[in-house]
Amino acid sequence: MSILTVQGVNKSFAGLKALNQVNLKVEEGAVHAIIGPNGAGKSTLLNCFVGRLEPDTGTVTFNGQSLLNRRPHEINQLGVARVFQTPEIFTDLSLLDNVMIPAFAKRDGAYTFNWVPRVDGDAEMTDKAQHMLEDVGLADKQRMLAGSLSRGDKRRLELAMCLVQDPKLLLLDEPTAGMSRADTNNTIDLLKRIGERKITKIVIEHDMHVVFSLANKVSVLAQGTVIAEGTPDEMRGNPKVQEAYLGGAHI
Amino acid sequence: MATTPQTTPNQDRLLFVLFAAAVLTAPLWASVIGAGYPDLLQKFAIFGILAIGFNILFGLTGYLSFGHAAFLGIGSYAAVWSFKLFTVNALPAVFFGMVFAGLFALVIGYISLRRTGIYFSILTLAFAQMSYNLAYSVLTPITNGETGLTMNQDDPRFIDNLFFAPEGNALPSTNLFGIEMTGFSGFYFCAVVLIIAFYIAMRISRSPFGMMLRAIKSNQNRMNYTGFNTRPYALTAFVISGVYAGLAGSLMAVTDPLAGAERMQWTASGEVVLMTILGGAGTLLGPVLGAGIIKYFENIFSAYNAQVLERIFDFLPDGIDHAAASVAGLFVGEGWHLTLGLVFMLIVIFLPGGVMEGFTRLRAKFSKPTVESSSSGSTTSPAKDSA
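Residues numbered from 1 in each chain as written. Chains lettered and ligands numbered in written order. Predicted model: local features only at pLDDT ≥ 70, side-chain atom pairs only at ≥ 80, totals over all residues. Heavy atoms only, no water.

## A few points about the overall build of chain A
Item 1. What chain A contains, in helices and strands, is nine helices and ten strands.
Item 2. Taking 2.2 N^0.38 as the reference for a compact globule, 251 residues should give roughly 18 Å; the C-alpha atoms of chain A span a radius of gyration of 19 Å, in line with that estimate.
Item 3. A principal-axis box enclosing the C-alpha atoms of chain A has dimensions of 60 × 40 × 35 Å.
Item 4. Scored against the burial criterion, the 251 residues of chain A give a buried share of 54%.
Item 5. Summarising the internal contacts of chain A: among those between residues at least 6 apart in sequence, 67% fall at separations of at least 24.
Item 6. For chain A, the computed accessible surface area is about 10400 Å², with 48% contributed by carbon and sulfur atoms. (Helix = DSSP H or I, 4+ residues; strand = E, 2+ residues; numbered from the N terminus. Rg over C-alpha atoms; globule rule 2.2 N^0.38 Å. Buried < 20%, exposed > 50% of the residue type's maximum accessible area, 1.4 Å probe, protein only. Contact = heavy atoms within 4.5 Å. Areas by Shrake-Rupley, 256 points an atom, 1.4 Å probe, with all protein chains shown as cover.)

## As for the overall build of chain B
Item 1. Helix and strand counts for chain B stand at 19 helices and four strands.
Item 2. Since a compact globule built from 387 residues should have a radius of gyration of about 21 Å, the 23 Å found for chain B is in line with a globular shape.
Item 3. Taken along the three principal axes of its C-alpha coordinates, chain B extends 75 × 70 × 40 Å.
Item 4. The buried share of chain B, reckoned over its 387 residues, is 49%.

## Structural notes on the nonpolar core
Item 1. Membership of the largest hydrophobic core comes to 138 residues, with the highest contact counts inside it found for Val99(A), Ile101(A), Leu157(A), Leu170(A), Ile49(B) and Phe189(B).
Item 2. Among the elements that line this core, the one with the most residues is helix α12 (residues 230–255) of chain B, at 16 residues.
Item 3. Shared between two domains, this core takes at least three residues from each, and those domains are domain 1 (1–77 + 169–174 + 200–251) and domain 2 (80–166) of chain A.
Item 4. Once residues within four sequence positions are removed from consideration, Val99(A) is found in contact with Ala129(A), Met132(A), Leu133(A), Leu157(A), Ala160(A), Met161(A) and Val164(A).
Item 5. With 30 residues, the next largest nonpolar core counts Val6(A), Leu53(A), Phe62(A) and Val80(A) among its residues. (Core = buried A, V, L, I, M, F, W, Y, C linked by side-chain atoms within 4.5 Å. Domains from an automatic or database assignment.)

## Overview of the sheet that holds strand β4 (residues 57–62) of chain A
Residues and elements named next belong to chain A.
Item 1. Spatially, β2-β1-β4-β5 is the arrangement adopted by the four strands of the open sheet, whose pairing is antiparallel. Strand pairing shows two members of the sheet lacking a second neighbour, β2 (16–27) and β5 (65–66), which therefore form its edges.
Item 2. Bridge count between strand β1 (residues 2–13) and β4: five bridges; the pairing is antiparallel. Within β4, the residue paired with Gln 7 across the bridge is Thr 59. (Pairing = 2+ DSSP bridges.)

## Looking at the pairing of strand β6 (residues 80–83) of chain A
Residue and element names in this part refer to chain A.
Item 1. Here β6 shows two buried faces, one formed by Val 80 and Arg 82 and the other by Ala 81 and Val 83.
Item 2. Here β6 pairs with strand β7 (residues 169–173) via four bridges, running parallel. Paired with Val 80 across the strands is Leu 169, a residue of β7.

## With respect to the pattern of salt bridges
Residues and elements named next belong to chain A.
Item 1. On inspection of all chains with the given rule, the structure shows 18 salt bridges over all chains.
Item 2. Measuring nitrogen to oxygen at the nearest pair gives 3.1 Å for the salt bridge that ties Arg 107 to Asp 122. One end of the pair, Arg 107, is in helix α3 (residues 95–108); the other, Asp 122, is in the loop between α3 and α4 (123–135), with 15 residues separating them in the sequence.
Item 3. We classify Arg 107 as partly exposed; its relative accessible area is 36%.
Item 4. According to the relative accessible area criterion, Asp 122 is buried, its value standing at 15%.
Item 5. Of the charged contacts, one joins Arg 155 and Glu 158 as a salt bridge, the two residues approaching to 2.7 Å between their closest N and O atoms. (Salt bridge = Lys/Arg side-chain N within 4 Å of Asp/Glu carboxyl O.)

## Let's talk about the pairing of β1(A)
Residue and element names in this part refer to chain A.
Item 1. The element β1 is extensively covered by neighbouring structure, given that nine of its twelve residues are classed as buried.
Item 2. Pairing of β1 with β2 involves eight bridges; the strand directions are antiparallel. The residue bridging Ser 2 from the neighbouring strand is Glu 27, located in β2.
Item 3. The loop that links β1 with its antiparallel partner β2 comprises two residues; one of these, Ala 14, has a positive phi angle of about 45°.

## A word on the interface of chain A and chain B
Item 1. The partner chain B presents 35 residues to the 43 residues of chain A that form the contact.
Item 2. Around 3500 Å² of area is buried between chain A and chain B when both sides are counted, 60% of it from carbon and sulfur atoms.
Item 3. Scanning the region where chain A abuts chain B turns up two salt bridges.
Item 4. At the junction of chain A with chain B, the criterion picks out 23 residue pairs in polar contact (both at pLDDT 80 or more). (Buried area = accessible area lost by both parts, 1.4 Å probe. Polar contact = N/O pair within 3.5 Å; in protein donor to acceptor, adjacent residues only side chain to side chain.)

## A word on the packing of helix α13 (residues 266–279) of chain B against helix α14 (residues 286–303) of chain B
All names here are of chain B.
Item 1. In the contact formed by α13 and α14, the axes pass within 7 Å of each other and the chain directions differ by 115°. Helix-helix and strand crossings are classified by hand; for α13 and α14 the assignment is right-handed. Residue-level contacts link Glu 271, Leu 274, Met 275, Thr 276, Leu 278 and Gly 279 of α13 to Gly 286, Pro 287, Gly 290, Ala 291, Ile 293, Ile 294, Lys 295 and Glu 298 of α14.
Item 2. Looking at the contact of α13 with α14, its residues break down into seven nonpolar, four polar and three charged. (Axes fitted to C-alpha atoms, helices over the stretch in contact; angles between N-to-C directions. Left-handed = near helix turned anticlockwise from the far one by under 90°. Nonpolar A, V, L, I, M, F, W, Y, C, P; charged D, E, K, R; others polar.)

Remember, this is a structural readout, not a statement about activity or role.
See the structure below:
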């Protein structure tokens, strides 16, 4: 059963067609990679899932509900979490706070004027966040300021912030962009481990190494339209894909 | 390695008890530095409340308002009207001051919070200047224009006149169930309100709500993608700080039943920004300290005049003493704002976290005098006068 269905989505910027009749079905529990050359419309498509952009025409349906005309926080409350290309974390707060905040969003909703109890008196939230930090290997740094982490650790933290909400769908926008090979491999391991949690994931990625290690389904986007779809192995040999995306280079 | 300070409930309790004790014993210790008289102590308390509230919006949430004097003024007008229409009791005046400031904050905040950063600041500034000009022009029936709003002999004072026969021709003075709000009793009323205001700010700061405000300041974009509707959070913070300002304004009227439009001028809005930054934005004690420091030095420095300076520099040879006195004269008396400006520049450049950061650095220096202190001094040079 598909958890996210995209049908006939078009999006233009000042006459430039960024997305052209995009259709996409993401199966529940899948790790679905969206690949394509620069300017293919990958990020535009992702932004249409999270409320940052509205498609000109077409529908985006998540779990039976339309994602159109909803603001980012409403979409998150439906169970969609997002990892950004550059980690978006609360740099002035501790790692523990960083992970507790999304946990509160999940439990208490989009707005609560909860000014009486102490944060550190909430054992449920503290435990949850601490366990999450242990899962991603940051438990020993929980009192540090998030801004002082390395790039790789920031990415781990951002993943922890998304995972603590137990999302139904996790969107990963180039999760290894700008990382060293070692950090990239660590991130792949981490993503594989959280793959056991049965969270549907959409990965936008440039790095073929990452795509072929993680994904079980690949959609290839070129010039705003899906030109091929299948398993990673099928895509590897597809001449259309090689032509459009890889320029004939070997992978 | 940057870590975050963590306070336990017991440390907070201690902080609160010490704060309350320091405020209540102020008449004793403040006389040592020549500030032990009620007029100045009241100012400390009232501007302390204003700065605590401002800090909830600026220090925690990261929205720099340049219009908080408007709420101060509204609080004052509402309080004086409460004296005129209902009763000279202080409690209803404080209540109306908070309610009206809160309602205005709701409207102004709702509109201004559609923008962030400098545009938000400009919007709040525009609203405050609008209020200031309205108070001088079309709203004169309510504000009594340039003269300022005062109590009159023939005010209705419905509640007072209902229960007590009007006594003689004397204008009644503001009171709290018979305790007159002048002198030290006036100060103690403000002091108790300050302690309550501090306690509430402390709860907010340690609560999930306070954590969300800090998160908005840190990364609003992430907050939205984390499932929070940030606008009502910011609006709540705006209204709370507006209510604090209204409370401060009404206390000004309680201790001196007069409300003038000059209270709403942009310089008054700027002053509370200075107080908060000087003391340490985002900290609990910082804004109160900043308010106290500015009001104290305003009082000390403005008292110096040409004659006093001539006497001080009398020991210098003739000619030089006059020169010294006229140079020093630039920095005191009416020129005390020059001193304030210089001090403010030094603080922002060398101690961006305000006086509170200074305390933290000193403590780090004395507790761990070796390797740690050099790595904890983050961006600016370590204090030079440590020897």
